[in-house]
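Observations on chain architecture
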Amino acid sequence: MQPPFFQSMTQRSVLKLPNNARVAVSVVMNVEHFTFGKQGTAIQPDLNSYPEIANYGWRDYGNRVGIWRLFDLFAELEIPVTAAVNGEICTLYPEIIAAMQQHHWEVMAHGLNNSKGHSGMDREAEIEIIDKTLSLLEEATGKTPKGWLTPGFSVTESTFELLYSAGILYTADWVNDDQPYWYYLPNGRLLAIPYTLETNDITLCLNNRFSGAEFAQAIEDQFDQLWLDGESQGRVMTISLHPFIVGQPLRYKYLKQCLLHIKNQPNTWLTTGEGIYEWMTETTGVKTPQYE
């Protein structure tokens, strides 16, 4: 696997967003299943005895309660959502999949579950995991996902080539830009829609231990600067969220606050990964073979 071709902002053609927008904002909601008995994202990592139930229960809150609070919020604000969904969500939480369809959330593939990444897999095992993930999501939603985010960024040397061969059109596994770009492979190309480790509730709320108000301010600060930068050429901002973090009651009003700040700013395009992919192919005239 090679890193993306380097091209600084000064070397690029000017990128214009639809309707003279300065920033395209994409909210990615990570809807995940963690296998009981295995370590995972933790609010109190010192609680690690076996079987560990405190952090598991905290994560489980996201699917039991948090996600439903978020369905209501995004419907109220009329903000589109791209859901990064583990394949096992389809069989273990079918009511969540049904609600996603009801609320018209885009479904992006997010591996089979969030307890096992791809790192260390041989090629055949990874092909099997990718195919099973896509099959589960397609069967549950009636639509093959266009995008992919690897659990924990745990890619292999073969991941991107295998994703392309499986029909994936864009990846959210790179966090290195403010604009989408074509990530070239020996067998084709994927659109890299930059994800984020900065405007990410795990970083802000767990690692940085920001309060709700500080979390909202960080999201707003990121957006405001990108909006200013976008006067010269368009920018893309991803907001990475998890129901077990922002679905908690103490953060609800602050999430709503920063989302309203973004929505109320003019020249802002609230969209999904699929929307960015379709716009990018129309703008650049470059399409992956599946769409030619």
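Structure first, text after, so check above.
Residue numbers here run from 1 along each chain, matching the order of that chain's written sequence. Per-residue local features of the predicted model are confined to residues with pLDDT of at least 70, and side-chain atom pairs are confined, for both listing and counting, to 80 or more; whole-chain, interface and lining totals are unaffected and use all residues. Each side-chain value is derived from all of the structure's non-hydrogen atoms; neither hydrogens nor water enter the calculation.

**Description of the nonpolar core**
What is meant by a nonpolar core is a set of buried Ala, Val, Leu, Ile, Met, Phe, Trp, Tyr and Cys residues, joined one to another through side-chain atoms within 4.5 Å. Note on classification: 1.4 Å probe, protein chains only; a residue is buried when its accessible area is under 20% of the maximum for its type, exposed when over 50%, partly exposed between these limits. By size, the foremost hydrophobic cluster in this structure holds 66 residues, and its most contacted members are F74 and M100. Between two residues, a contact is recorded if the distance between any of their heavy atoms is within 4.5 Å. Residues within four places of F74 in sequence aside, it is in contact with V27, M29, I79, V81, W105, L241 and L259. Counting 21 residues, the second largest nonpolar core, distinct from the first, contains L17, A24, L149 and V236.

**Side note on the packing of helix α7 (residues 212–229) against helix α9 (residues 249–263)**
Packing of α7 against α9 brings their axes to within 8 Å, and their N-to-C directions diverge by 15 degrees. Compared by their axis directions, α7 and α9 come out roughly parallel. The way α7 lies across α9 gives a crossing that is right-handed. Residues G212, A213, F215, A216, I219, E220, F223 and D224 of α7 form the contact with α9, whose participating residues are Y254, L255, Q257, C258, H261 and I262. Under the scheme applied, nonpolar residues are Ala, Val, Leu, Ile, Met, Phe, Trp, Tyr, Cys and Pro; charged residues are Asp, Glu, Lys and Arg; polar residues are all the others, including Gly. Among the residues forming the contact of α7 with α9, the class breakdown is nine nonpolar, three polar and two charged. Axes here refer to lines fitted to C-alpha atoms; in helices the fit is confined to the stretch in contact. Angles between the N-to-C directions go from 0 to 180 degrees. A run of H or I in DSSP counts as a helix once it spans at least four residues, and a run of E counts as a strand once it spans at least two, with each numbered from the N terminus. Our angle categories are set so that under 35 degrees counts as roughly parallel, over 145 as roughly antiparallel, 65 to 115 as roughly perpendicular, and the remainder as oblique. Left-handed describes a crossing whose near helix is turned anticlockwise from the far helix by less than a right angle; the clockwise case is right-handed.

**Observations regarding unusual backbone geometry**
Keep in mind that most residues, glycine aside, have a negative phi and that most peptide bonds are trans. The omega angle of the peptide bond from Y50 to P51 is -10 degrees, so this bond is cis rather than trans. Mapped onto the elements of the fold, P51 is located in the loop between β1 (23–31) and α1 (54–77). One non-glycine residue, E78, adopts positive backbone phi at about 55 degrees. One non-glycine residue, F153, adopts positive backbone phi at about 55 degrees. Inspection of the secondary structure assignment puts F153 in the loop between β4 (147–148) and α5 (159–165).

**Quick word on the state of the cysteines**
Here, the term disulfide refers to a pair of cysteine sulfur atoms separated by no more than 2.5 Å. According to the stated counting rule, one finds zero disulfides in the structure shown. Of all cysteine sulfurs, the one in C258 lies closest to C205, which takes part in no disulfide; the gap is 9.7 Å. Note on C205: relative accessible area 3%, which makes it buried.

**Quick notes on the environment of L136**
Note on placement: L136 falls in helix α4 (residues 123–141). Look at L136 and you get buried, because its relative accessible area is 17%. Linking L136 and K16, residues 120 residues apart in sequence, is a C-alpha distance of 36 Å. Discounting chain neighbours no more than four positions away, the residues touching L136 are G87, E88, C90, T91 and L112.

**Let's talk about α7**
By this rule the span expected of a helix is its residue count minus one, scaled by 1.5 Å. In a regular helix each residue adds 1.5 Å, so 18 residues correspond to 26 Å; α7 covers 26 Å between its end C-alpha atoms and thus fits that length. All of the buried residues in α7 are G212, F215, A216, A218, I219, E220, F223, L226 and W227. The secondary structure elements touched by the buried residues of α7 are β1, α6 (201–207), β8 (235–241), α8 (243–246), α9 and β9 (268–271).

**Thoughts on the packing of α1 against helix α3 (residues 94–102)**
Look at α1 against α3: their axes get within 11 Å of each other, and the N-to-C directions meet at 5 degrees. When the interaxial angle is binned, α1 and α3 end up roughly parallel. Each of N63, I67, W68 and F71 in α1 lies in contact with α3, whose residues at this interface are E95, I96, A99 and M100. Here the contact of α1 with α3 is built from residues that sort into six nonpolar, one polar and one charged.

**Comments concerning the pairing of β1**
Across the nine residues of β1, nine count as buried, placing the element largely inside the fold. Along β1, one buried face is formed by V23, V25, V27, M29 and V31 and the opposite face, lined by A24, S26, V28 and N30, is buried too. Here, a strand pair is defined by DSSP locating no fewer than two bridges between the strands. Two strands pair when backbone bridges link them, and β1 and β8 are joined in this way by seven bridges, in the parallel orientation. Considered in β8, the bridge of V28 is made with S240. Orienting the strands away from the viewer, one traces the path from the first strand over the helix to the second; a clockwise path indicates a right-handed crossover. Regarding topology, α1 serves as the crossover connection from β1 to the parallel strand β2 (residues 82–85), and that connection is right-handed.

**What to know about the pairing of strand β3 (residues 106–109)**
Side-chain alternation along β3 places E106 and M108 on one buried face and V107 and A109 on a second face that is also buried. Pairing between β2 and β3: four bridges, direction parallel. Bridge pairing in β3 places T82 opposite E106.

**As for the packing of aromatic side chains**
We describe a pair of aromatic rings using the distance from one ring centre to the other and the angle between the two ring planes. Here the aromatic set is Phe, Tyr and Trp, taking the six-membered ring for Trp, and pairing holds for ring centres within 6.5 Å; pairs whose planes are under 30 degrees apart are stacked, those over 60 apart are edge-to-face, and all others are tilted. A complete count under the given rule lists twelve aromatic pairs for this structure. Relative to F244, the ring of W58 has its centre 5.0 Å away and its plane inclined at 65 degrees; by these criteria the two rings are edge-to-face. Of this pair, W58 sits in helix α1 while F244 is found in helix α8, placing the two residues 186 residues apart along the sequence. For the pair shown, W58 and F244 are each scored as buried. On the basis of an interplanar angle of 80 degrees and a centroid distance of 6.4 Å, the ring pair of W182 and Y277 is categorised as edge-to-face. Of this pair, W182 sits in strand β6 (residues 181–185) while Y277 sits in helix α10 (residues 273–284), and the two are 95 residues apart along the sequence. Accessibility assignment for this pair places W182 and Y277 in one class, buried. Distance and angle both matter: a charge sits over a ring if NZ of Lys or CZ of Arg is within 6 Å of the ring centre and within 35 degrees of the ring normal. We note R22 situated over the ring of W227; from NZ or CZ to the ring centre the distance is 3.8 Å. The ring of F34 has R59 lying over it, and the distance from NZ or CZ to the ring centre is 4.8 Å.

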